[in-house]
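# Observations on the three-dimensional arrangement
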Amino acid sequence: MSPSFVIYGATGYSGELVARRAVELGWRPLLCGRDGSRLAPLATALGLAYRVAALSDPAAFDRAFAGVRLVLNAAGPFSQTAGPVLDACLRTGAHYLDLTAEVPVVEQLVERAAKARARHLMIMPAVGFDVVATDCLAAHVVRRLPGACRLALAVTNLFFVSRGSAKTLLEAVDRGLIRRAGVLAPVPLGSRERVFDYGDGPRSSLNVSLADLTTAYHSTGIPDVETYTEATPLMRALLLTCRTAGRLLRTDTAQAVLAASAALLPEDPTGGAPTNGIAAMRVVAEAEDGSGRRAVSRLRTPEAYAFTPYAATAVIERVLRDDIEPGFQTPARVYGPDFVLGLPGVVREDLA
């Protein structure tokens, strides 16, 4: 099988993981990115072709994407890359996938749905750990409880952040959100606390703004959605800082300092440690209807960065088989709640 697709941002940590997984499958994607000096050695090592396309050069994008069937955007921050890459996909006739976890980026992609539908193209963001794992679990609990009107998703074991992810997080340092009555509403990060059982007893968790606030809404139709992460001491401290110093951290000077600091992080957040030896990810989804009935399920997956290349390539394979729906889509909406169970190391259990 020799699929025709592009990995944009192939030299980033997640992009390279997907590229290596693709080669393991016998595929030959075209590697693409902004820096030819970094692309060349990776392409040589993997035996793949590459092309350089700067965000400011639409013609280079058009040349790079000419004739391909889909593009996976793995280049963060996605607030900067999603627009230009999607524009090129719409011009050249390629389906658009990415690895974002940013609510504002996903919302912007929703707005492009009509243009993609008119060209019979699919826009499916967040095909890594977030949101494949969380989206499929959300759809599963809602399938178990038809008529649910509230949904909460919680994740634990968020250990590592790559350089690209750090830059993304810093852009949203003071942007807490929940969804109410179908509309995104601002709520300070870490200001809401709930308890979830990730598998070792009840654990306090704090609200964070995950892409599921938009994707789960589109997958399930649930109007009230909240997302949480376990309130470890480090996470409490980070979210408290965001709440108390958010405006200061959003100033141009502070953002410049933080961005410079993020650039010093290693591209590989694990320090070279094998991710299969790192604690598994755990996701909990709780759905509730107007009568107070609840459905609660839990999902266990490999570590997020280990999970992502398998999830992304599974979606890519479906798209290359023309298993698509035009317009803006989510993994669970197109491929169903059980899609995640076909990935290695994934276990799902119903708790209530």
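These remarks concern the structure in this document. (Residues numbered from 1 in each chain as written. Predicted model: local features only at pLDDT ≥ 70, side-chain atom pairs only at ≥ 80, totals over all residues. Heavy atoms only, no water.)

Counting its secondary structure elements, the protein contains 13 helices and 16 strands. Residues classed as buried in the protein amount to 54% of the 352 residues present. The long-range fraction of contacts in the protein, counting pairs at least 24 apart against all pairs at least 6 apart in sequence, stands at 72%. Carbon and sulfur atoms make up 53% of the accessible area of the protein, which totals about 14400 Å². (Helix = DSSP H or I, 4+ residues; strand = E, 2+ residues; numbered from the N terminus. Buried < 20%, exposed > 50% of the residue type's maximum accessible area, 1.4 Å probe, protein only. Contact = heavy atoms within 4.5 Å. Areas by Shrake-Rupley, 256 points an atom, 1.4 Å probe, with all protein chains shown as cover.)

The next thing to look at is the packing of helix 3 (residues 58–65) against helix 4 (residues 78–92). At a closest axis distance of 9 Å, the pairing of helix 3 and helix 4 adopts a crossing angle of 55 degrees. The angle between helix 3 and helix 4 places the two elements in the oblique class. In this structure, helix 3 crosses over helix 4, and the sense of that crossing is right-handed. Facing helix 3, whose interface residues are Pro58, Phe61, Asp62 and Phe65, helix 4 presents Pro84, Val85, Ala88, Cys89, Arg91 and Thr92. (Axes fitted to C-alpha atoms, helices over the stretch in contact; angles between N-to-C directions. Parallel < 35°, antiparallel > 145°, perpendicular 65-115°, else oblique. Left-handed = near helix turned anticlockwise from the far one by under 90°.)

Below, the discussion takes up the packing of aromatic side chains. Ring pairs (aromatic) are described by centroid distance and by the angle formed between their planes. In the structure shown here, the tally under the stated rule is eight aromatic pairs. A centroid spacing of 5.8 Å and a plane angle of 90 degrees characterise the contact between phenylalanine 5 and tryptophan 27, whose relative ring orientation is edge-to-face. Here phenylalanine 5, found in strand 1 (residues 5–8), pairs with tryptophan 27, found in the loop between helix 1 (13–24) and strand 2 (30–33); they are 22 residues apart in sequence, far enough to count as distant. Note on accessibility: phenylalanine 5 and tryptophan 27 belong to one class, buried. On the numbers, 5.4 Å between centres and 35 degrees between planes, the contact of tyrosine 335 with phenylalanine 339 is tilted. An identical accessibility class is assigned to tyrosine 335 and phenylalanine 339; each is buried. Within the aromatic cluster, the residues linked to one another by ring pairs are Tyr8, Phe61 and Phe65. One cation-aromatic arrangement involves arginine 179 over tyrosine 217; the distance from NZ or CZ to the ring centre is 4.3 Å. (Phe/Tyr/Trp six-rings, centres within 6.5 Å; stacked < 30°, edge-to-face > 60°. Lys NZ or Arg CZ within 6 Å of the ring centre and 35° of its normal.)

No statement about biological role is implied by the geometric values presented.
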